[in-house]
Amino acid sequence: MQEHRVLVVDDDELIRRLLVEYFREHSTLAVDWARDGAEALHFLSSRAYACLVLDLMMPHMSGIDLLTSLRALLADPFSKLQRPPAVFVITGAPAEDVPSEKLAEMFPGLVRQVFRKPLDVDALTRAVSAAIGG
(Lines give C-alpha, C1' and ligand atoms only; values in the text may rest on other atoms or scores of the structure.)
Protein backbone atom coordinates (compact mmCIF):
# COMPACT_ATOMS: atom_id res chain seq x y z
CA MET A 1 0.00 0.00 0.00
CA GLN A 2 1.38 3.39 -1.01
CA GLU A 3 1.90 5.91 1.76
CA HIS A 4 0.40 9.31 0.99
CA ARG A 5 2.21 12.30 2.45
CA VAL A 6 0.96 15.81 3.11
CA LEU A 7 3.11 18.84 3.83
CA VAL A 8 1.59 21.57 6.00
CA VAL A 9 3.25 24.97 5.53
CA ASP A 10 2.29 27.81 7.85
CA ASP A 11 4.35 30.29 9.88
CA ASP A 12 1.68 30.43 12.61
CA GLU A 13 2.72 27.68 15.03
CA LEU A 14 -0.76 27.30 16.49
CA ILE A 15 -2.41 26.74 13.12
CA ARG A 16 0.41 24.51 11.90
CA ARG A 17 0.25 22.30 15.01
CA LEU A 18 -3.55 22.14 14.84
CA LEU A 19 -3.48 20.98 11.21
CA VAL A 20 -0.66 18.46 11.71
CA GLU A 21 -2.35 16.91 14.76
CA TYR A 22 -5.77 16.89 13.10
CA PHE A 23 -4.46 15.18 9.94
CA ARG A 24 -2.59 12.62 12.03
CA GLU A 25 -5.69 11.83 14.10
CA HIS A 26 -8.33 11.93 11.35
CA SER A 27 -6.63 10.45 8.32
CA THR A 28 -4.15 7.81 7.29
CA LEU A 29 -1.78 10.39 5.85
CA ALA A 30 1.84 10.79 6.84
CA VAL A 31 2.26 14.46 7.76
CA ASP A 32 5.30 16.74 7.66
CA TRP A 33 5.40 20.46 8.34
CA ALA A 34 7.40 23.54 7.47
CA ARG A 35 7.48 27.06 8.93
CA ASP A 36 7.85 28.93 5.64
CA GLY A 37 8.18 28.53 1.90
CA ALA A 38 11.97 28.13 1.95
CA GLU A 39 11.78 25.24 4.39
CA ALA A 40 8.91 23.72 2.41
CA LEU A 41 10.91 23.92 -0.81
CA HIS A 42 13.62 21.81 0.80
CA PHE A 43 11.03 19.15 1.75
CA LEU A 44 9.43 19.23 -1.71
CA SER A 45 12.76 18.75 -3.47
CA SER A 46 13.68 15.73 -1.37
CA ARG A 47 10.42 13.82 -0.88
CA ALA A 48 7.21 13.20 -2.83
CA TYR A 49 4.03 14.70 -1.43
CA ALA A 50 0.48 13.98 -2.54
CA CYS A 51 -0.79 17.25 -1.04
CA LEU A 52 0.49 20.58 0.12
CA VAL A 53 -1.51 22.70 2.57
CA LEU A 54 -0.06 26.16 2.10
CA ASP A 55 -0.48 29.48 3.87
CA LEU A 56 0.00 32.45 1.55
CA MET A 57 1.36 35.11 3.88
CA MET A 58 4.62 33.99 5.46
CA PRO A 59 8.01 35.59 6.10
CA HIS A 60 11.15 34.68 4.12
CA MET A 61 9.26 33.06 1.25
CA SER A 62 5.55 33.58 0.74
CA GLY A 63 3.12 30.97 -0.48
CA ILE A 64 3.00 32.69 -3.88
CA ASP A 65 6.81 32.56 -4.09
CA LEU A 66 6.74 28.87 -3.18
CA LEU A 67 4.12 28.14 -5.85
CA THR A 68 6.24 29.97 -8.42
CA SER A 69 9.31 27.95 -7.39
CA LEU A 70 7.32 24.73 -7.43
CA ARG A 71 6.11 25.45 -10.96
CA ALA A 72 9.73 26.05 -12.04
CA LEU A 73 10.87 22.79 -10.40
CA LEU A 74 8.15 20.86 -12.19
CA ALA A 75 9.24 22.32 -15.54
CA ASP A 76 12.90 21.40 -14.94
CA PRO A 77 13.62 18.01 -16.58
CA PHE A 78 16.53 17.46 -14.15
CA SER A 79 14.44 18.03 -11.03
CA LYS A 80 13.61 15.06 -8.82
CA LEU A 81 10.11 16.47 -8.48
CA GLN A 82 8.08 14.68 -11.14
CA ARG A 83 4.48 15.00 -9.98
CA PRO A 84 2.81 18.12 -8.67
CA PRO A 85 1.19 17.85 -5.26
CA ALA A 86 -2.43 18.92 -4.95
CA VAL A 87 -2.19 22.35 -3.33
CA PHE A 88 -4.76 23.60 -0.85
CA VAL A 89 -4.21 27.24 -0.01
CA ILE A 90 -5.16 28.62 3.39
CA THR A 91 -5.29 32.37 3.90
CA GLY A 92 -6.66 35.03 6.17
CA ALA A 93 -6.93 37.43 3.24
CA PRO A 94 -10.46 38.33 2.18
CA ALA A 95 -11.72 36.90 -1.11
CA GLU A 96 -11.79 40.36 -2.71
CA ASP A 97 -8.05 40.80 -1.97
CA VAL A 98 -7.01 37.27 -2.98
CA PRO A 99 -9.64 35.78 -5.30
CA SER A 100 -9.66 31.98 -5.38
CA GLU A 101 -10.18 31.96 -9.15
CA LYS A 102 -7.12 34.15 -9.67
CA LEU A 103 -4.88 31.75 -7.70
CA ALA A 104 -6.17 28.76 -9.66
CA GLU A 105 -5.63 30.71 -12.89
CA MET A 106 -2.08 31.73 -11.91
CA PHE A 107 -1.13 28.18 -10.92
CA PRO A 108 -3.19 25.76 -13.05
CA GLY A 109 -2.76 22.13 -12.13
CA LEU A 110 -1.42 23.08 -8.69
CA VAL A 111 -4.00 25.06 -6.69
CA ARG A 112 -7.06 22.90 -6.12
CA GLN A 113 -8.96 24.95 -3.58
CA VAL A 114 -8.62 27.99 -1.31
CA PHE A 115 -9.75 27.88 2.32
CA ARG A 116 -10.25 31.06 4.31
CA LYS A 117 -9.34 31.50 7.95
CA PRO A 118 -10.92 30.75 10.34
CA LEU A 119 -10.50 27.31 8.83
CA ASP A 120 -13.09 24.60 8.47
CA VAL A 121 -10.61 21.84 9.27
CA ASP A 122 -13.13 19.07 8.53
CA ALA A 123 -13.74 20.45 5.03
CA LEU A 124 -10.00 20.80 4.43
CA THR A 125 -9.41 17.20 5.55
CA ARG A 126 -12.19 15.95 3.25
CA ALA A 127 -10.70 17.89 0.31
CA VAL A 128 -7.22 16.50 0.96
CA SER A 129 -8.58 12.96 1.29
CA ALA A 130 -10.56 13.33 -1.94
CA ALA A 131 -7.47 14.60 -3.79
CA ILE A 132 -5.51 11.47 -2.89
CA GLY A 133 -8.45 9.22 -3.65
CA GLY A 134 -9.12 8.25 -0.05
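About the cut-offs
Residues numbered from 1 in each chain as written. Predicted model: local features only at pLDDT ≥ 70, side-chain atom pairs only at ≥ 80, totals over all residues. Heavy atoms only, no water. Buried < 20%, exposed > 50% of the residue type's maximum accessible area, 1.4 Å probe, protein only. Helix = DSSP H or I, 4+ residues; strand = E, 2+ residues; numbered from the N terminus. Arc of directions from axis to C-beta. Contact = heavy atoms within 4.5 Å. Polar contact = N/O pair within 3.5 Å; in protein donor to acceptor, adjacent residues only side chain to side chain.

(A) Broad picture of helix H2 (residues 37-46). Inspection of H2 places Gly37, Ala40 and Leu44 among the buried residues, and these make up the whole buried set. Across the axial projection of H2, the buried residues extend over an arc of 55°, all falling on one side. Opposite its buried face, H2 presents the exposed residues His42 and Ser46, each directed more than 90 degrees away. The inward-facing, buried residues of H2 contact strand S1 (5-9), strand S2 (30-34), strand S3 (51-55) and helix H3 (63-75).

(B) Region of interest: helix H5 (residues 121-131). Taken together, the buried positions of H5 are Val121, Ala123, Leu124, Thr125, Ala127, Val128 and Ser129. Buried residues in H5 make contact with helix H1 (13-26), S3, strand S4 (86-91) and strand S5 (111-116). The opening residue of H5, the one whose side-chain oxygen lies 3.3 Å from the backbone nitrogen of Asp122, is Asp120. After H5 finishes, the residue Gly133 shows a positive phi value of roughly 80°.

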